[in-house]
Structure formats: C-alpha cells, structure tokens
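Residue-level structure breakdown
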Amino acid sequence: MAIGPHPPQSTTTTKAPTAKQSHVHPHISQSHDPDKGRQLHATAPLKAGNVLMVDSPYAVIPVVDDPAHSDEVLCSNGDCRRKVPRVRRIGCSNRCAAEVFWCDTGCRDVDRIRHVLECEWLKGYAVSLRKNEGEYYFGVLWLIVRVLAARYVEKAQGSSRSISKEKFSSGWTAMTELCDNRKLWPEADLLHWQSLIEKYICADSSLRNIALSADIILTLICQQESNSFGLYPKVTGLASTSDRGEQYGAAIYPRSSIANHSCCPNITHKPDDHGRMVFTASRDIGPGEECCISYMDLFGDVDVNTRRKHLRVQFSFTCQCERCRAEENSEEGWDALPFLDD
Ligand SMILES: C[S@@+](CC[C@H](N)C(=O)[O-])C[C@H]1O[C@@H](n2cnc3c(N)ncnc32)[C@H](O)[C@@H]1O
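All values derive from a computational prediction rather than experimental measurement.

Spatially, the three strands line up as an open sheet ordered 2-3-12, and their pairing is antiparallel. Taken across any chain shown, the strands that pair with only one partner, and hence form the sheet edges, are strand 2 (28–33) and strand 12 (290–291). Where strand 3 (residues 37–42) meets strand 12, two bridges bridge the pair, whose relative direction is antiparallel. Among the inter-strand pairings, His-41 is bridged to a residue of strand 12, identified as Glu-290.

Moving on to the domain arrangement of the protein chain. Taken domain by domain, the protein chain holds domain 1 (23–56 + 230–330) and domain 2 (59–157 + 179–226). Between domain 1 and domain 2, the contact holds 15 residues from the first and 17 residues from the second. Across the interface of domain 1 and domain 2, roughly 1300 Å² is buried in total on both sides, 53% from carbon and sulfur atoms. Considering only the side of domain 1, the residues that lose the most area to domain 2 are Tyr-248, Ile-252 and His-274, jointly responsible for 45% of the buried surface there. One can count zero salt bridges joining domain 1 with domain 2. Our count for the domain 1 to domain 2 interface comes out at five residue pairs in polar contact (both at pLDDT 80 or more). Counting residues per element, the side of domain 1 that touches domain 2 draws most heavily on strand 9 (residues 249–252), at four residues. The residue inventory of the side of domain 1 that touches domain 2, partitioned by class, reads five nonpolar, six polar and four charged.

Take the packing of helix 3 (residues 135–157) against helix 5 (residues 187–202) next. Close contact between helix 3 and helix 5 brings their axes to 12 Å; oriented N to C, the two are set at 60°. Here helix 5 runs oblique to helix 3, going by the angle between their axes. Judged by the sense of rotation from one axis to the other, the crossing of helix 3 with helix 5 is right-handed. Facing helix 3, whose interface residues are Tyr-136, Tyr-137, Val-140, Leu-141, Ile-144 and Val-145, helix 5 presents His-192, Trp-193, Leu-196, Tyr-200 and Ile-201. Tallied by class, residues from the contact of helix 3 with helix 5 come to ten nonpolar, one polar and no charged.

Surrounding the ligand, one finds 18 residues, the nearest of these being Lys-36, Arg-38, Asn-181, Asn-260 and His-261. A distance of 2.7 Å separates an oxygen atom of the ligand from a polar atom in the backbone of Arg-38. Within the backbone of Gln-320, one N or O atom sits 2.9 Å away from a nitrogen atom of the ligand. In isolation the ligand offers 560 Å² of accessible surface; the protein chains occlude 93% of this area. Partitioning the shell around the ligand into residue classes produces seven nonpolar, nine polar and two charged. Formed jointly, the shell around the ligand draws a minimum of three residues from each of two domains, domain 1 (23–56 + 230–330) and domain 2 (59–157 + 179–226).

Conventions and cut-offs
- Residues numbered from 1 in each chain as written.
- Predicted model: local features only at pLDDT ≥ 70, side-chain atom pairs only at ≥ 80, totals over all residues.
- Heavy atoms only, no water.
- Pairing = 2+ DSSP bridges.
- Helix = DSSP H or I, 4+ residues; strand = E, 2+ residues; numbered from the N terminus.
- Domains from an automatic or database assignment.
- Contact = heavy atoms within 4.5 Å.
- Buried area = accessible area lost by both parts, 1.4 Å probe.
- Salt bridge = Lys/Arg side-chain N within 4 Å of Asp/Glu carboxyl O.
- Polar contact = N/O pair within 3.5 Å; in protein donor to acceptor, adjacent residues only side chain to side chain.
- Nonpolar A, V, L, I, M, F, W, Y, C, P; charged D, E, K, R; others polar.
- Axes fitted to C-alpha atoms, helices over the stretch in contact; angles between N-to-C directions.
- Parallel < 35°, antiparallel > 145°, perpendicular 65-115°, else oblique.
- Left-handed = near helix turned anticlockwise from the far one by under 90°.
- Near = heavy atom within 4 Å.
- Areas by Shrake-Rupley, 256 points an atom, 1.4 Å probe, with all protein chains shown as cover.

Structural data, given as structure tokens:
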C-alpha cells in the first residue's frame, strides 16, 4: 500500500525568496480547530510544488555526535546557519562548546552580541550538563538559552522582523503564542524540569540579563517540546522508501509551528541551506483545506495504532488526522482495544 500524499501533479512552482528572509504564500492563513488547536489552511487553490512557507528559526542548535570531525555543524550566526565545513571555520576563542563555530570572521563579528549572552553559560555547563543529565537535556536547555538570547537581541534592536502582520505574528510575540500542552505533562516530569531550570538557568549569574522567571522558562520548555523541529537532510512527508536521514540540528520556528500533523500530509518540509524551514505543497490543495505536514517519516505499511503510539510517545498527542480517524474504526484499529490485549 502506498502511504503518504500523491506525487506532485503539476510542475508549477512558486520560487522561494532568494534573500535570507521568511516568506508566506498569500493563499495560506491560520484558523482554529476544536481538537487540534491552531492550524494552517488554504484560502484559495494551491498547486503541487508551490512553496507555501519559508520560515527562519527563532533559535537553532547543531546536533552532531563528533563536532570536531563533522562537516554538519551549523554556523552559530543566527542569520546565517549554514553548515560550516571543517576546513573553513573558526571556533570561539573562549572554547565555550565543541559545536560553536562560524563560517568566517564576518559571521563571528555579526553574531558577537548574541553569542556573548550564551558563551559563559556554555563554558560553565556544556560539559557537566552533558555528563550529569545527558545529551537530550543539554540540547533542550541550550536551545532555550538561545531562545532567551534571541529575545534579548530582538528587544535590544526594537524589531520583531514581521513578515505578514495581518495573518501571522513573528518574533517573540509568535513564540508566546506557541501551544505548550503543559496540562498534559506528568507532574514528575514538570518537577524534574523545574529542578534543572533552577540549577542550570536561574542560578547562573551569566544569564542574568536574559533569564525570565522559572515558571516562564518551564512554559518555554513545554512549548519547545511541542513545537521544535529536527533538521534532517531529506524531505519529510513524501511517500518514500527511505528515511529522511540523520538529524543535524534542532530549531524552533515561530510560524511553521502552526502546522498540524497528518498521516496523509499535503505538505512536505525540509530545511534549506540557511536552516529555514521550507513547506512545499505535495499535491494540489483546495480552498478551505487544512495544510498539514508529517511530524515523522511516513514509509512502510504502519497501522494506525503504531502511528498513534509513536506520536503519543514523541509528541504527547493522540493523532486526530483524517487518515487515523478513518482507520481507527476499521479492522486495523481493533488491536488497540483492551480486551484483545491477552
Ligand atoms: C506544532 S503544534 C501545531 C499547532 C498547534 N495546533 C497550535 O495550536 O499551536 C503541535 C500540537 O498541535 C496539536 N496537533 C497537531 N497535529 C495534531 C493531530 N493530528 N491530532 C491532534 N492534535 C494535533 C497537538 O496538541 C500538538 O502537540
């Protein structure tokens, strides 16, 4: 059985903007669904191949196993974010973290104000946090520190880099509108995060200029967990026989985060060379139709219970997409019933 959207039926393509800026197709807007919350929808016909969104991350971190020997590390300059090859890159003179590199002195100098805000924190905690709490917790907290630094820079510059004020918020305003699903979190997880926030963020004097209250940071962590994207080299969402490749980054996108998941998505997503998230229509989409991505690789013949379980474990929600709803009452869904367990 073929899984995923139909292949593109048209070669009509709206080109992504060449500048390093964000872009939203004029025929998409946001609305609200009682089960899923905010959603993207088409306001007029969209053609397969149309670029629907090109969104710059609010914050991004590289995710690589061996930064010293990897060509996959992203430039730390928040406006560049290109992969920096080993032979042509410069590191932090403070040696704050193994994955902090810039393409060149230009990128380093432009990024100075932002990087200063994270440098001492990385120097003080990158090694111990990884050792004591593990890579995952380090990654989440580093991304949060980068969000706080980006917020500080945005406020200092007095700009929110708005692209389409009427339809989509941008910058920190958009970050505050992200869903957090905090009520769904087990109390024990919240308490654990609270203790990490107190220990590694609130108690750290180098973050005094950018830190917010422990409770706001906890909400930010919940938002990050519900909204961050992994950066993968290949497209996510197409019917395919292979996965999307190895993750090389993690990012929060203020506008792309509005897209809900579907197990039969009509949008594919893939980061471009500057770490911007690019949404492309994978089939024609009619007016009023919801525009969905897939939060996971969709290949192989995976039944509704396995897909829903994966999404519950990874993203803490029960998928209510058209395909899952159609399959939940079919034979495929029966093995989810408790009386069939034994
Ligand atoms: C990245 S956000 C998407 C935008 C979100 N609806 C909002 O209001 O901001 C992910 C969250 O949206 C909801 N969601 C996304 N896809 C869904 C689906 N297929 N079924 C149910 N809920 C979904 C879940 O609460 C999930 O944690």
